[in-house]
Amino acid sequence: TGDGIENTDAIKIDNGGLTIIATDTPIQITLTKRANGSDDPLPGAEFTLSGKFLTADGTVATEESKVKLGLDGNDASAVIDNLVVGETYSLTEDVAPNGYEKLGDFTFQVNDNGEIIRAAGTGYTVENGGLTIVANDTPVEFRLHKLGGGEDGTQPLAGAVFAIYAGADPAE
C-alpha cells in the first residue's frame, strides 16, 4: 500500500483498516512413563490431557479440549505439543500398565521457555529443565494367606502353595 505497510501473515489491510494478528509459538513437552525407582520405560499407560491448545492457525482455542495419549512404544513416551503459555493443563492417567496402580491427576502450566511451572500432583517428576514429565508408577502389591489351621480354622495353614495366572484359565 502507499503508506509503507504491506500485507503479511501477521498484518492485514482491508478497506482502510489495519488488523494485527498475534500468534503464539507452539510449546512442546514429553510425557514418559516408568516404574518407580527405575529408568526403564513402562509401556501400556493411557492418559488424557485437558486444556486449551493452539489451533492450526497459531491462535489459542476458545474452548478447552481433551487429547488422548497412549504410551505403548518401546520408549513409553508421547510428545505433547501446541501448549499455550500460562494455560493450566490437567493430565489424568486413564489406564495404568498391567500390574501397576493408576496415578492421580497432575496439573501444570508452561512458561515461554517451554518449562513446566506451577506443577502439582503425586507420582510425577518434572525433569530436563521442565521439558519432560515422568510418571513414576508403583507396582500393585498383595499378599495371600491360606487360613484353615488351628481349632477354629482361622489360623494360617502351613505349607500352602499358590499359583497366579494372567488369565482366568491356567491354560491361558
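Residues numbered from 1 in each chain as written. Predicted model: local features only at pLDDT ≥ 70, side-chain atom pairs only at ≥ 80, totals over all residues. Heavy atoms only, no water.

S.K.: Help me understand unusual backbone geometry, please; the structure alone is not making it clear to me.
M.R.: With glycine set apart, most residues show a phi of negative sign, and most peptide bonds adopt trans. The backbone phi angle of Ala76 is positive, close to 50 degrees, even though this residue is not glycine. For Ala76, the location among the structural elements is in the loop between strand E5 (65–71) and strand E6 (77–83). Overall, the relative accessible area of 0% leaves Ala76 in the buried class. Backbone geometry places Arg118, a non-glycine residue, at a positive phi of 50 degrees. Among the structural elements, Arg118 can be located in strand E9 (residues 116–120). Looking at Arg118, the relative accessible area reads 62%, which means it is exposed. (Helix = DSSP H or I, 4+ residues; strand = E, 2+ residues; numbered from the N terminus. Buried < 20%, exposed > 50% of the residue type's maximum accessible area, 1.4 Å probe, protein only.)

S.K.: It is not clear to me how the side chain of Asn111 should be interpreted in this structure. Could you clarify?
M.R.: Structurally, Asn111 is set in the loop between strand E8 (106–110) and E9. Under the relative-accessibility criterion, Asn111 is labelled buried at 16%.

S.K.: Honestly, the nonpolar core in this entry has me stumped. Any pointers?
M.R.: The nonpolar side chains of a soluble globular protein tend to be buried, and buried together. Among the nonpolar cores identified, the biggest contains 22 residues, and Phe47, Leu49, Leu69, Leu83, Leu91 and Phe108 are the most heavily contacted of them. At the level of secondary structure, the elements contributing two or more residues to this core comprise strand E3 (27–35), strand E4 (45–51), E5, E6, strand E7 (89–95) and E8. (Core = buried A, V, L, I, M, F, W, Y, C linked by side-chain atoms within 4.5 Å.)

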